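What follows is each chain in one-letter form.
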Amino acid sequence: MTRLHALVLMMLLAPAAAHAERRCGWLDNPSMAKWLLMDSGGGWTIMDNGSGYKAAEGMDKIPDLTAGEFVYTYAYHGYACACMDVDTDGEEGITRIHSVRQLPLSRCRSDPAISRFLDKD
């Protein structure tokens, strides 16, 4: 009976996991209440209260980026390199964060598909 329960649980959870996308790039917190992810697909808004964009579910999954390799740009704001498993709205927004893994800055710096982000510095 335990196998049957496990199988049913896997079948229920599989559709939700199938929608998550892995996105890797610059995770940017340029100002208060604003978070972006810049990857090879473009810019993805995670939160931008200034424009009325609702914060993605799972914001608490973003770790303390300053504990790893982090570039300060203003006060305690800045950016890091990360991979995220997320749901998107299919346009320019991230609606849910499933997981975040911070990467070395060198990983993003050496990726030509996202080098345009560094041009802003």
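Here, the structure is the one placed above.
Described below are features of the structure shown in this document. (Residues numbered from 1 in each chain as written. Predicted model: local features only at pLDDT ≥ 70, side-chain atom pairs only at ≥ 80, totals over all residues. Heavy atoms only, no water.)

### Regarding the packing of aromatic side chains
Just so we agree on the cut-off: Here the aromatic set is Phe, Tyr and Trp, taking the six-membered ring for Trp, and pairing holds for ring centres within 6.5 Å; pairs whose planes are under 30 degrees apart are stacked, those over 60 apart are edge-to-face, and all others are tilted. Counting from the N terminus, the helices are DSSP H or I runs at least four residues long and the strands are E runs at least two residues long. Accessibility here uses a 1.4 Å probe with only protein chains present; expressed as a share of the type maximum, an area under 20% marks a residue as buried, one over 50% as exposed, and anything in between as partly exposed.
Tallied over the entire structure, the rule returns four aromatic pairs. Consider the rings of Trp 26 and Tyr 79, whose centres lie 5.1 Å apart with planes at 90°: the pair is edge-to-face. Here Trp 26, found in strand S1 (residues 21–31), pairs with Tyr 79, found in strand S5 (residues 77–88); they are 53 residues apart in sequence, far enough to count as distant. Judged by its relative accessible area of 0%, Trp 26 is buried.

### Section: the pattern of salt bridges
Put simply, the test is: The term salt bridge refers to a pairing of a side-chain nitrogen on Lys or Arg with a carboxyl oxygen on Asp or Glu at a separation within 4 Å.
With the rule as written, the count across this model stands at four salt bridges. Close ionic contact of Arg 23 with Glu 21 constitutes a salt bridge, the shortest N to O distance being 2.8 Å. Here Arg 23 falls in the buried class, since its relative accessible area comes to 17%. By relative accessible area, Glu 21 is classed as partly exposed at 27%. As a salt-bridge pair, Arg 23 and Asp 39 come within 2.8 Å of each other at their nearest N and O atoms.

### Considering the state of the cysteines
Counted only if it meets this: Count a disulfide wherever a pair of cysteine sulfur atoms falls within 2.5 Å.
Applying the stated criterion to the full structure yields two disulfides. The residue that forms a disulfide with Cys 24 is Cys 83, at a sulfur-sulfur distance of 1.9 Å. Note on the Cys 24 and Cys 83 pair: the S-S dihedral is about 110°, so by sign convention the disulfide is right-handed. Within this pair, whereas Cys 24 is found in strand S1, its partner Cys 83 is found in strand S5, the two being separated by 59 residues in sequence. A relative accessible area of 5% means that Cys 83 is categorised as buried. A sulfur-sulfur distance of 2.0 Å marks the disulfide that ties Cys 81 to Cys 108. On the S-S bond that ties Cys 81 to Cys 108, the torsion sits near 75°, and the link is right-handed. Of this pair, Cys 81 sits in strand S5 while Cys 108 sits in helix H2 (residues 105–109), and the two are 27 residues apart along the sequence. Taken individually, Cys 81 and Cys 108 each receive the classification buried, so the pair is uniform in this respect. Among the cysteines of the protein that take part in disulfides, numbered as they appear in the sequence, the pairing is 1-3, 2-4.

### What to know about the pairing of S5
The condition that has to hold: Only strands that DSSP links by at least two bridges are regarded as paired with each other.
Summarising burial for S5: twelve of the twelve residues are buried, a large majority. Alternating residues of S5 divide into His 77, Tyr 79, Cys 81, Cys 83, Asp 85 and Asp 87 and Gly 78, Ala 80, Ala 82, Met 84, Val 86 and Thr 88, and every residue in both groups is buried. Where S1 meets S5, nine bridges bridge the pair, whose relative direction is antiparallel. If you follow Cys 24 over to S5, its bridge partner there is Cys 83. Count of turn residues in the strand S4 (residues 71–74)/S5 antiparallel hairpin: two residues, of which Ala 75 carries a positive phi of about 50°. Bridge analysis of S5 against strand S6 (residues 94–103) gives eight bridges, and the strand direction is antiparallel. Note that in S6 the partner of Cys 81 across the bridge is Leu 103. The antiparallel hairpin formed by S5 and S6 contains five residues in its connecting segment, where Gly 90 sits at a positive phi of about 85°.

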